[in-house]
Amino acid sequence: GWLVNMKFGVIGTNFVSDFFMEGSKYEPECEVVAVCDIFEDKAKAFQEKYNIANCFTNYKEMVDGIDAIYIAVPNGKHHEIAKFFSSCSILLFFK
């Protein structure tokens, strides 16, 4: 498939992100390597829950080492985040 060795970052740690994480278990070529949330305690809890290597509070710091980003934040923030990652040639997935 086209997800060959795809390294993902996840932005937002709400219940929708939990669904993404549960689903990613069934795709062996998908590895979540970074999580970001504006609330550090939520980001760290999500990181620990899913054993994710990297944790951030600023999405602009998580570009290195990812091929795709899963955006699970309020809709009003989608454009800003998508524009940034598009300019970095990173694939976008939305909740």
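What counts and how
- Counting starts from 1 at the beginning of each chain's written sequence and moves along it residue by residue.
- Predicted model: local features are reported for residues with pLDDT of at least 70 only, side-chain atom pairs are reported and counted for 80 or more only, and whole-chain, interface and lining totals are derived from all residues.
- The basis for the side-chain values is all heavy atoms of the structure; hydrogens and waters are excluded.
- Both cavities and pockets are sets of points on a 1 Å grid over the protein atoms alone; in a cavity a 1.4 Å probe fits but cannot get out, in a pocket the set is open with protein on both sides within 12 Å along at least five of seven lines, and lining residues sit with an atom within 4 Å of a point.
- Grid points are joined across faces, edges and corners, and a volume is the space filled by probe spheres set on the points.
- Each residue gets one of three labels, nonpolar for Ala, Val, Leu, Ile, Met, Phe, Trp, Tyr, Cys and Pro, charged for Asp, Glu, Lys and Arg, and polar for the others, Gly among them.
- Only protein chains enter the accessibility calculation, which uses a 1.4 Å probe; a residue whose area is less than 20% of its type maximum is buried, one above 50% is exposed, and one in between is partly exposed.
- In DSSP terms, a helix is any run of H or I states spanning at least four residues, a strand is any run of E spanning at least two, and both are numbered starting from the N terminus.
- In this context, the arc is that of the directions from the helix axis out to the C-beta atoms.
- Whether two residues are in contact is decided by their heavy atoms, any of which lying within 4.5 Å being enough.
- Helix axes are fitted only over the stretch in contact, all axes being lines through C-alpha atoms; the angle between N-to-C directions runs from 0 to 180 degrees.
- To sort the angles, those under 35 degrees are grouped as roughly parallel, those over 145 as roughly antiparallel, those from 65 to 115 as roughly perpendicular, and the leftovers as oblique.
- In this scheme, a crossing is called left-handed if the near helix is turned counterclockwise away from the far one by less than a right angle; it is called right-handed if the turn is clockwise.
- One bridge is not enough; two strands pair if DSSP finds at least two bridges between them.
- Think of it like this: strands point away, you trace from the first strand over the helix to the second, and a clockwise trace means the crossover is right-handed.

**Student:** Could you clarify how one ought to interpret the layout of surface pockets in this entry?
**Tutor:** Here the idea is plain: a probe the size of a water molecule rolls over the atoms and shows the empty space left. Looking at the largest pocket, its volume works out to about 330 Å³. Together, 18 residues line the largest pocket, and Gly12, Asp37, Ile38, Val73 and Pro74 are the ones closest to its centre. Per-class residue counts for the lining of the largest pocket are nine nonpolar, five polar and four charged.

**Student:** I'm lost on helix α3 (residues 78–87) in this one. Help?
**Tutor:** Residues that lie three or four places apart on an α-helix share one face, since the helix turns once every 3.6 residues. Considered for burial, the residues of α3 that qualify are His78, Ile81, Ala82 and Phe85. Buried positions in α3, seen along its axis, are confined to an arc of 95 degrees and lie on one side of it. Opposite the buried face of α3, at more than 90 degrees from it, the exposed residues are His79, Lys83 and Ser87. Packed against the buried residues of α3 are β1 (6–11), β4 (68–71) and β5 (91–94). Positive backbone phi, approximately 60 degrees, marks Ser89, located one or two places after α3.

**Student:** Sorry, what's going on with helix α2 (residues 40–50) here?
**Tutor:** Listed in full, the buried residues belonging to α2 are Ala43, Phe46, Gln47 and Tyr50. The arc that holds every buried residue of α2, seen down its axis, measures 100 degrees, which confines them to one face. In α2, those exposed residues whose orientation departs by more than 90 degrees from the buried face are Asp41, Glu48 and Lys49. Tucked inside the fold, the buried residues of α2 contact β1, α1 (15–24), β2 (30–36) and β3 (54–56).

**Student:** What is the right way to read the packing of α1 against α2 from this model?
**Tutor:** Angle between the axes and distance between the axes: these two values describe a pair of packed helices. In the contact formed by α1 and α2, the axes pass within 12 Å of each other and the chain directions differ by 20 degrees. Accordingly, the angle class assigned to the pair α1 and α2 is roughly parallel. The handedness of the crossing between α1 and α2 is right-handed. Along its contact with α1, which presents Ser17, Asp18, Met21 and Glu22, the element α2 presents Phe46, Lys49 and Tyr50. Looking at the contact of α1 with α2, its residues break down into three nonpolar, one polar and three charged.

**Student:** Is there a simple way to think about the pairing of β5 in this case?
**Tutor:** Along any regular strand the residues' side chains alternate between the sheet's two faces. Of the pairings in the sheet, the one linking β4 to β5 comprises four bridges and is parallel in character. Opposite Ile71, over in β5, you have Phe94 as the bridge partner. Crossover β4 to β5 through α3 is right-handed.

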